[in-house]
Amino acid sequence: MSSQQAVKFLTIEERLNVNAWDTDIYRPHIKIKDPDKCRFCEKKPCTYMCPAKCYVQQGDIVVLSTEACLECGTCRVVCPYENIDWNYPRSGMGVWYRFS
Amino acid sequence: MPMSSKFDVVVVGAGPAGLAAAYKLASAGFKVLVVERGREPGSKQVYGGRIYAYWLDKYLPEFRKDAPADRWVRKERISLMSDESVTTMEFEVVKPEKSSFVASLAAFTSWLGKLATSAGAKIVTEVVVDELLRDERGRFVGVRSGQDKIYADYVIDAEGVNRLLLERAGIVQRLKPEHVAVGAKEVLKFENRKVLEDRLGLSEDEGLAWAFAGWPTEYLPGGAFLYTYRDSVALGVVVYLTSWRRLATPVYDLAERLRTHPYIAKLVAGANLQEYSAHLTPVAGISMAPPRFSYDGLLIVGDTAGFLMHAGVLIRGVDFAVASGVLAAETIKEVGRPDALSRYDDKLRSSFILRDLLAFKNADKVLSGQFAFDDMPKLVNAFLRNYFTVEDRPPTVASALKTTMGEGNWSLAKILINTMYALAYL
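Cut-off values and rules
Residues numbered from 1 in each chain as written. Chains lettered and ligands numbered in written order. Predicted model: local features only at pLDDT ≥ 70, side-chain atom pairs only at ≥ 80, totals over all residues. Helix = DSSP H or I, 4+ residues; strand = E, 2+ residues; numbered from the N terminus. Rg over C-alpha atoms; globule rule 2.2 N^0.38 Å. Buried ≥ 20, exposed ≤ 12 C-beta atoms within 10 Å, placed from the backbone. Contact = placed C-beta atoms within 7 Å. Core = buried A, V, L, I, M, F, W, Y, C linked by C-beta atoms within 7 Å. Pairing = 2+ DSSP bridges. Nonpolar A, V, L, I, M, F, W, Y, C, P; charged D, E, K, R; others polar. Domains from an automatic or database assignment. Axes fitted to C-alpha atoms, helices over the stretch in contact; angles between N-to-C directions. Parallel < 35°, antiparallel > 145°, perpendicular 65-115°, else oblique. Left-handed = near helix turned anticlockwise from the far one by under 90°. pLDDT = per-residue confidence, 0-100.

**Q** For the overall build of chain B, give the residues involved together with the corresponding values.
**A** Helix and strand counts for chain B come out as 15 helices and 19 strands. Over its C-alpha atoms chain B spans a radius of gyration of 23 Å, differing by no more than 12% from the 22 Å that the globule rule assigns to 426 residues. With respect to the three principal axes, the spread of C-alpha positions in chain B is 85 × 45 × 40 Å. Here chain B holds 426 residues, and 52% of them are scored as buried.

Below is the structure:
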């Protein structure tokens, strides 16, 4: 392994893919309470504070996908409108950290 | 999960705090149930990477025997990074010591879980607790998960930094951005341990703890870290949630941005990403603590209570967590009644936990200011660059300082004031 080799920037999707998951696609553990409120949220801090990029801005709305959520709780705290209904996944589902 | 079972003690959360309490109580003959939401103890946990041994020796000396310590820290580095250069201070003890070690928190917690189980504690996993149960007089008497209720004489809340149960019980308010920081971390696995040791200048089993300030957080409060596991490293970035207005790189790319920085890239080239994790960490210490740590039937331990010391490069959580769990267990053993648990608050006050957290309660004034993360890394790097750059006239310390001052908006008075401020609080 040469230290001269180029280091490739891995996208967040590529990085999340290396984790062990047991995803509960039928019961999302986080919900945006009132999606209309996000339209008026100027900065949408969830879209760049979430370390897993679960929140993506599309037009003036925010689309949430919880499948690769790292369960940190950042979104709940940074949402300026307290518009996030946040829980832990049920029954041991979600991310399974083994090396951190 | 057993329906309507009755235990002496129910512990919410199989982390270092909850398991330390469970271990001590089970060892004393209490019937203890630990309820954990993950698949196994440790599977929802993230930290930077280092555990300090001093207080563990007092509160949980068993760890010396067989806890999974990957590497004992011998080398400490602090780096100030600017856009153009990196200035590093390195400290290494001549003789190896065993005062802090690097281990995966999953492995350490798993070890502690086995210790608690072998003492007789029961751990149920894959169960999320929804509510702390109270009786008509307001005393905490158990926990509820979905339709299931578990009753106990004592409840220990070790749910972690996201204290949903305490919020629902009306004991604390919602977490605020100024209470917490988010850490995003990559575990990078080398081909073998020798490669890691050669790259980082370590002998076999020796560990490195490395803190970075400046560029990794875009000069915002927080920092970055690199810790050495056995054949992998933990590389991560921590930013305060209050920074959200000023951050240009999204948090999900901060750790990768650091890994691919030319200075770091050459150290970790060839190492493969093994895990990408993230977690909140308390940064407000005592300022985010609940009004009390004990209520009728309830004791609050670990991160849930804000027991994490954040003082610049010194970040300590696991020793605080374990010690608070042990003090909670001692309280229950000594008082023998759920309505006399205020002794736990007394024990915390006379222990290092509240002593140290109170001593550093103003650290966030320094750590959330601009000087430590913005001015200082830029200033030090600019000065050394001016000093080491030989061109027309050879630089002197004075001329390099003068040039540096002229380049930025720095005044000597401002630097001195900020240095004094940091010395006063850190």
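Now, onward.
**Q** Requested: an account of the overall build of chain A, with residues and values cited.
**A** What chain A contains, in helices and strands, is four helices and six strands. Along the first, second and third principal axes, the C-alpha atoms of chain A reach 50 × 35 × 20 Å. Taken over 100 residues, chain A has a buried fraction of 38%. Taking the intrachain contacts of chain A between residues at least 6 apart in sequence as the baseline, contacts between residues at least 24 apart amount to 63%.

**Q** Could you give an account of the nonpolar core, naming the residues involved and the relevant values?
**A** All names here are of chain B. Within the largest apolar cluster, 166 residues are counted, with the highest numbers of intra-cluster contacts made by Val 9, Ala 21, Ala 22, Val 32 and Val 34. Sorting elements by how many residues they give to this core places helix α9 (residues 318–335) first, with ten residues. Excluding residues that lie within four positions of it along the chain, Ala 22 makes contacts with Val 11, Val 32, Val 34, Ala 116 and Ala 121.

**Q** Lay out the pairing of strand β10 (residues 148–157) of chain B in plain terms, naming residues and giving numbers.
**A** All names here are of chain B. Buried residues dominate β10, accounting for seven of its ten residues. Bridge count for strand β1 (residues 6–12) against β10 is six bridges, and the pairing is parallel. Bridge pairing in β10 links Val 10 to Val 155. Across four bridges, the pairing between strand β9 (residues 140–145) and β10 is antiparallel. By the bridge assignment for β10, Arg 144 is matched with Lys 149. What sits between β9 and β10 in their antiparallel hairpin is a turn of two residues, with Gly 146 showing a positive phi close to 60°. Of the strand pairs in this sheet, β10 and strand β17 (residues 298–300) are connected by three bridges, and their pairing is parallel. Counterpart to Ile 156 in the pairing with β17 is Leu 299.

**Q** Residue-level account of the interface of chain B and chain A, with values.
**A** For an interface, size is often stated in terms of accessible area lost upon the parts coming together. The partner chain A presents 35 residues to the 47 residues of chain B that form the contact. Those elements that place two or more of their residues in the side of chain B that touches chain A are α4 (105–118), β11 (180–189), α7 (251–259), α8 (262–268) and β15 (272–282) of chain B. Of all the elements, β15(B) adds the most residues to the side of chain B that touches chain A, at eight residues. Considered class by class, the residues forming the side of chain B that touches chain A number 23 nonpolar, twelve polar and twelve charged.

**Q** Account for the environment of B:Pro68, with residues named and values stated.
**A** Residue and element names in this part refer to chain B. By secondary structure assignment, the location of Pro 68 is in the loop between α3 (63–66) and β4 (71–81). Residue class for Pro 68 comes out partly exposed when judged on the 16 C-beta atoms lying within 10 Å of it. For the pair Pro 68 and Thr 249, spaced 181 residues apart in sequence, the C-alpha to C-alpha distance is 35 Å. With residues up to four places along the chain from it excluded, the contact list for Pro 68 reads Ala 103, Ala 107, Phe 108 and Trp 111.

**Q** Help me get a handle on the domain arrangement of chain B, residues and values and all.
**A** All names here are of chain B. Taken domain by domain, chain B consists of domain 1 (6–68 + 104–172 + 290–350), domain 2 (178–282) and domain 3 (365–425). Computed from C-alpha atoms alone, the centre-to-centre distance between domain 1 and domain 2 is 28 Å. Considered class by class, the residues forming the side of domain 1 that touches domain 2 number four nonpolar, five polar and two charged.

**Q** Explain the packing of helix α13 (residues 370–388) of chain B against helix α14 (residues 397–407) of chain B residue by residue, including any values.
**A** Residue and element names in this part refer to chain B. Running from N to C, α13 and α14 point in directions that differ by 130°, and their axes come no closer than 8 Å. Of the possible angle classes, the one that applies to α13 and α14 is oblique. α14 is crossed by α13, and the crossing has right-handed handedness. Contact with α13, carried on its side by Leu 379, Ala 382, Phe 383, Asn 386 and Tyr 387, involves Val 397, Ala 400, Leu 401, Thr 403, Thr 404 and Glu 407 of α14 and no other residues of that element.

**Q** Give a detailed account of unusual backbone geometry, specifying residues and quantitative values.
**A** Phi is positive for A:Lys44, which is not a glycine, with a value near 45°. We classify A:Lys44 as buried; it has 20 C-beta atoms within 10 Å. One non-glycine residue with positive phi stands out, namely B:Glu218, at about 55°. Of note, B:Glu218 is situated in the loop between β12 (206–214) and β13 (222–228). According to the C-beta neighbour criterion, B:Glu218 is partly exposed, with 18 such atoms within 10 Å.

**Q** Talk me through the confidence of the model for chain A; I want residue IDs and the actual numbers.
**A** Predicted confidence across chain A gives a mean pLDDT of 92, with 94% of residues reaching 70 or more. Helix α4 (residues 74–78) of chain A holds the highest mean pLDDT among the elements of chain A, 98, whereas strand β1 (residues 20–22) of chain A holds the lowest, 92.

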